[in-house]
Amino acid sequence: MIFPLWLKAGLWGLLAGSALLLGAAMGYYIPIKQHVVAAIMAFGSGVLISALSFDLMSEAYEQGGFYPTALGFLGGAAIYTLANWVLAKQGAKHRKRSGHQQPSEEDNSGSGHAMAIGALIDGIPESIVIGISMIAGGAVSLVAVAAIFLSNLPEGLSSSAGMKKAGRSRKYIFGVWFSIAVISGIAVLLGYAVFSGFPPGVIAATTALAAGAILAMLSDTMIPEAFEEAHNFTGLITVLGFLTAFVLNHLGGA
């Protein structure tokens, strides 16, 4: 059966987003030690840093040149930082933490909604990138999908473990991650459908914008969680994740 490209885009997004739900199930049902969670977070951070360095930014530069790429990259970081700052004030600051840092609803009313929105804005840039990667030739960037899948798994794992410790219900936790997985698929579809008719400069700026938002997200949420438990081993584990995505990138281009 031959699927239309827009549907293929959505299915790839669902696949990448499903890692969030899988990670959430692991974090909720399996008593994984926090230093293991931290190691997985560090590995996922390295994977995404490599992907945005060798895949997203390089592609953006080749498509649109320096200025759209630089402006998009800085703009994505600024937009994410502002949104994250607002949500942090509402109780979503520790949404990726697996320990007891996350507030309960009794401690901070409305923090549950803030964390759900925060998790959503963490995933949207990644999803849009998958859709945009299909515009040129109709084929998805398997490197991007693999990198996002590998990074989504520890995100869902760590965050759901923290949500459980904060006293949030199973229905709430899995409802959040299921919704985000579905929205990720829709975001990929929109990334393909909306931007397919745009000029290369706009596509380049959007790709770089997503890359900037991802790097800001890593710096603000995933790496602090990793360092809190892994400490001196964080750098080495992050490098291993970086190398994994680097190899995937070059194998994909071989």
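Residues numbered from 1 in each chain as written. Predicted model: local features only at pLDDT ≥ 70, side-chain atom pairs only at ≥ 80, totals over all residues. Heavy atoms only, no water.

Some words on the nonpolar core
Of all hydrophobic cores here, the largest spans 31 residues; its most connected members are L48, L52, L56, I130, I214, M217 and L218. Mapped by element, the contributors of at least two residues to this core are α1 (5–29), α2 (34–64), α4 (111–133), α5 (142–165), α6 (170–195) and α7 (200–230). Looking at this core element by element, the count peaks at eleven residues for α7. What I214 contacts, discounting residues up to four positions off in sequence, is L48, L52, L56, P125 and E126. Core analysis: the next-biggest nonpolar cluster, separate from the first, contains nine residues, A24, Y28, V176 and W177 among them. (Core = buried A, V, L, I, M, F, W, Y, C linked by side-chain atoms within 4.5 Å. Buried < 20%, exposed > 50% of the residue type's maximum accessible area, 1.4 Å probe, protein only. Helix = DSSP H or I, 4+ residues; strand = E, 2+ residues; numbered from the N terminus. Contact = heavy atoms within 4.5 Å.)

Considering the environment of Q34
Within the secondary structure layout, Q34 lies in helix α2. You can call Q34 partly exposed: its relative accessible area is 25%. For the pair Q34 and A161, spaced 127 residues apart in sequence, the C-alpha to C-alpha distance is 9.3 Å.

Quick look at the packing of aromatic side chains
Across all of its chains, the model carries six aromatic pairs by this definition. Aromatic pair F54 and F246: ring centres 5.1 Å apart, planes at 70°, arrangement edge-to-face. Separated by 192 residues along the polypeptide, F54 in helix α2 and F246 in helix α8 (residues 234–252) bring together distant segments of the chain. The class for F246 is partly exposed, based on a relative accessible area of 29%. Here the aromatic residues Y28, Y29 and F174 are joined through ring pairs into a cluster of three or more. It is K164 that lies over the ring of Y28; its NZ or CZ is 4.6 Å from the centre. (Phe/Tyr/Trp six-rings, centres within 6.5 Å; stacked < 30°, edge-to-face > 60°. Lys NZ or Arg CZ within 6 Å of the ring centre and 35° of its normal.)

Quick look at the UniProt feature "transmembrane region" (unreviewed entry) in the protein
The feature "transmembrane region" (unreviewed entry), as annotated in UniProt, sits at residues 12–30, 36–54, 66–87, 128–151, 172–195, 201–218 and 230–251 in this numbering. Secondary structure across residues 172–195 comprises 100% helix and 0% strand; the distance between its end C-alpha atoms is 33 Å. (UniProt positions renumbered as here; feature names shortened; annotations may be inferred.)

Topic: the packing of α5 against α6
Relative orientation and spacing of two packed helices are given, respectively, by the angle between their axes and the distance between those axes. The geometry of α5 relative to α6 is characterised by a closest axis approach of 10 Å and an angle of 155° between their N-to-C directions. Taken together, the axes of α5 and α6 lie roughly antiparallel to each other. Classified by chirality, the crossing of α6 by α5 is right-handed. Residues E155, G156, S159, S160, M163 and K164 of α5 form the contact with α6, whose participating residues are Y172, I173 and W177. The residue makeup of the contact of α5 with α6, split by class, is four nonpolar, three polar and two charged. (Axes fitted to C-alpha atoms, helices over the stretch in contact; angles between N-to-C directions. Parallel < 35°, antiparallel > 145°, perpendicular 65-115°, else oblique. Left-handed = near helix turned anticlockwise from the far one by under 90°. Nonpolar A, V, L, I, M, F, W, Y, C, P; charged D, E, K, R; others polar.)

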